Amino acid sequence: MRVLNLLWSFAGADRQILDICPATDKIKNAALGFIILTLSVITGISIVLALSFIFGSSPNQHIFKKILFYFFYFFVGCIWFMIVANLFRLLISAT
C-alpha cells in the first residue's frame, strides 16, 4: 500500500478522493505515477552522467576532489529529479 501511495502522490492524486473511486481509477493513477517516477529517475541519472562526462576528472586529480565532484553531480541530479517530477505532476494533475 505504501507503493501505491507513493505512485499516487507522483500522479498528483488525492488519496481521500481515490478511496471512494473504483479500482480502475486507482490503477490508472498508479500507472501515471509510475510513468512520472520512471521519467524523473531517467532524467536525474542522465544529468549525473552528462555532468560526469562533460566535467570528467583528469588522471592526476586527487581522489578527494573526484569524490567531491561526484557528490555534487549527484546533488544536481536529485534537484533535477525533483524539478522534472513536479513539472510532470503539474501537467498530469492539470489535465
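Worth saying up front: this structure is predicted, and the values here are computed from it rather than measured.

A.B. asks: Where do I start with the environment of Ile83 in this structure?
C.D. replies: Locating Ile83 in the fold gives a position in helix H4 (residues 63-94). According to the relative accessible area criterion, Ile83 is partly exposed, its value standing at 40%.

A.B. asks: Is there a simple way to explain a nonpolar patch on the surface in this structure?
C.D. replies: Where nonpolar side chains cluster on the molecular surface, the patch consists of Phe72, Phe75, Ile79, Trp80, Met82, Ile83, Leu87 and Leu90 and spans about 790 Å² of accessible area. Looking at the element boundaries, Leu87 is found in helix H4.

A.B. asks: It is not clear to me how the side chain of Ser52 should be interpreted in this structure. Could you clarify?
C.D. replies: Considering the arrangement of structural elements, one finds Ser52 in helix H3 (residues 23-54). Residue Ser52 is classed as buried on the basis of its relative accessible area, which comes to 14%. There is a polar contact of 2.8 Å between the side chain of Ser52 and the backbone oxygen of Leu49. With residues near it in sequence (within four places) discarded, Ser52 still touches Tyr70 and Tyr73.

A.B. asks: How should I be thinking about the side chain of Asn29 in this particular structure?
C.D. replies: Along the chain, Asn29 falls in helix H3. Among residues more than four places away in sequence, those in contact with Asn29 are Leu7, Trp8, Ala11, Ala13 and Leu18.

Conventions adopted
- Residues numbered from 1 in each chain as written.
- Predicted model: local features only at pLDDT ≥ 70, side-chain atom pairs only at ≥ 80, totals over all residues.
- Heavy atoms only, no water.
- Helix = DSSP H or I, 4+ residues; strand = E, 2+ residues; numbered from the N terminus.
- Buried < 20%, exposed > 50% of the residue type's maximum accessible area, 1.4 Å probe, protein only.
- Patch = residues over 30% accessible without salt bridge, like charges linked within 9 Å, V, L, I, M, F, W, Y side chains within 5 Å.
- Areas by Shrake-Rupley, 256 points an atom, 1.4 Å probe, with all protein chains shown as cover.
- Salt bridge = Lys/Arg side-chain N within 4 Å of Asp/Glu carboxyl O.
- Polar contact = N/O pair within 3.5 Å; in protein donor to acceptor, adjacent residues only side chain to side chain.
- Contact = heavy atoms within 4.5 Å.

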